[in-house]
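The lines below spell out each chain.
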Amino acid sequence: MKLKISGASKPKRDIIKKLVHWTVNNYIGERGTRNITIYLRFTSPINPKEDGQCTWHDKNYKPREFDIEISDKLKNQYLYYAIIHECIHVKQFYYGELSQDLRTNYFKWQGKLYPYFSASTKQYRNFPWEREAYKYQKILYKKLKNELRDCERREGTKKLHN
């Protein structure tokens, strides 16, 4: 996987790089990630109610290039949640579970069409691809914390702050 990060300090980029690789490898699988490119940018949110967004870069069905924007206001656990959440959308687009038609503003999830931009915040969180992303952001964050805790015990270092 190729990963380009902008809008963050070098120490933050190093941590985020490890997090993105860990998440994508754990959720997509190492073999499937060889031909993925992710451009991750920290920026002021376009919509203040969003912590991040993921869009495809090259084609709308089974894309291989992705843009992820993450709010530069997020810290600690919320930053990790947002990055994991958007990486889950990478997986959804990558496998063709989720696609987007920019001409009609419709999303297609596992064969079913959903109008997107008419959705309220409550409706947005109930889209099936969002439910999956919210569910797995918590599961993967917990798995990450457990793995880091085990690593800290072995190495005697602290690598993740709550």
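Whatever comes next refers back to the structure up there.
Below is a summary of the structure that appears in this document.

Reading guide: rules and limits
- Residues numbered from 1 in each chain as written.
- Predicted model: local features only at pLDDT ≥ 70, side-chain atom pairs only at ≥ 80, totals over all residues.
- Heavy atoms only, no water.
- Pairing = 2+ DSSP bridges.
- Helix = DSSP H or I, 4+ residues; strand = E, 2+ residues; numbered from the N terminus.
- Axes fitted to C-alpha atoms, helices over the stretch in contact; angles between N-to-C directions.
- Buried < 20%, exposed > 50% of the residue type's maximum accessible area, 1.4 Å probe, protein only.
- Parallel < 35°, antiparallel > 145°, perpendicular 65-115°, else oblique.
- Left-handed = near helix turned anticlockwise from the far one by under 90°.
- Contact = heavy atoms within 4.5 Å.
- Nonpolar A, V, L, I, M, F, W, Y, C, P; charged D, E, K, R; others polar.
- Phe/Tyr/Trp six-rings, centres within 6.5 Å; stacked < 30°, edge-to-face > 60°.
- Lys NZ or Arg CZ within 6 Å of the ring centre and 35° of its normal.

1. What to know about the sheet that holds strand S5 (residues 98–101)
Part 1 of the reasoning: On the basis of which strands lie adjacent, the open sheet formed by 3 strands has the order S5-S6-S7 and antiparallel pairing. Sheet topology places S5 and strand S7 (112–115) at the edges, where each strand pairs with a single neighbour. With strand direction ignored, the average angle separating the axes of adjacent strands in the sheet is 25 degrees.
Part 2 of the reasoning: In terms of strand pairing, S5 meets strand S6 (residues 106–109) through 4 bridges, oriented antiparallel.

2. Side note on the pairing of strand S3 (residues 52–56)
Part 1 of the reasoning: Residues of S3 alternate between two faces, with Gly52, Cys54 and Trp56 buried on one and Gln53 and Thr55 left unburied on the opposite face.
Part 2 of the reasoning: For S3 and strand S4 (residues 65–71), the ladder comprises 5 bridges, and the chain directions are antiparallel. Pairing of Cys54 across the sheet is with Ile68, part of S4.

3. Description of the packing of helix H2 (residues 76–94) against helix H4 (residues 128–155)
Part 1 of the reasoning: As a packed pair, H2 and H4 sit with axes 8 Å apart at the nearest point and diverge in direction by 125 degrees. By the angle class used here, H2 and H4 are oblique. Classified by chirality, the crossing of H4 by H2 is right-handed. Of H4, the residues touching H2 (which contributes Gln77, Tyr80, Tyr81, Ile84, His85, Ile88, His89, Lys91 and Gln92) are Trp129, Glu130, Glu132, Ala133, Tyr134, Tyr136, Gln137, Lys138, Leu140, Tyr141 and Leu144.
Part 2 of the reasoning: Split into classes, the residues belonging to the contact of H2 with H4 amount to 11 nonpolar, 5 polar and 4 charged.

4. Some remarks on the packing of aromatic side chains
Part 1 of the reasoning: Under the criterion given, the structure shown has 9 aromatic pairs.
Part 2 of the reasoning: A ring pair is formed by Tyr94 and Tyr95, whose centres lie 5.0 Å apart and whose planes are at 85 degrees; its orientation type is edge-to-face.
Part 3 of the reasoning: The class of Tyr94 is buried, set by a relative accessible area of 7%.
Part 4 of the reasoning: Judged by centre distance (5.2 Å) and plane angle (25 degrees), the rings of Phe107 and Trp129 are stacked. One end of the pair, Phe107, is in strand S6; the other, Trp129, is in helix H4, with 22 residues separating them in the sequence.
Part 5 of the reasoning: Taking relative accessible area as the criterion, Phe107 reaches 7% and is therefore assigned buried.
Part 6 of the reasoning: Of the residues examined, Trp129 reaches a relative accessible area of 2% and is grouped as buried.
Part 7 of the reasoning: What links up through ring pairs into an aromatic cluster is the set Phe107, Trp109, Tyr114, Phe127 and Trp129.
Part 8 of the reasoning: One cation-aromatic arrangement involves Lys12 over Phe42; the distance from NZ or CZ to the ring centre is 4.4 Å.
Part 9 of the reasoning: Just above the ring of Tyr134 sits the side chain of Arg125; from NZ or CZ to the centre is 4.0 Å.

Treat this as a map of the structure, not an account of what it does.
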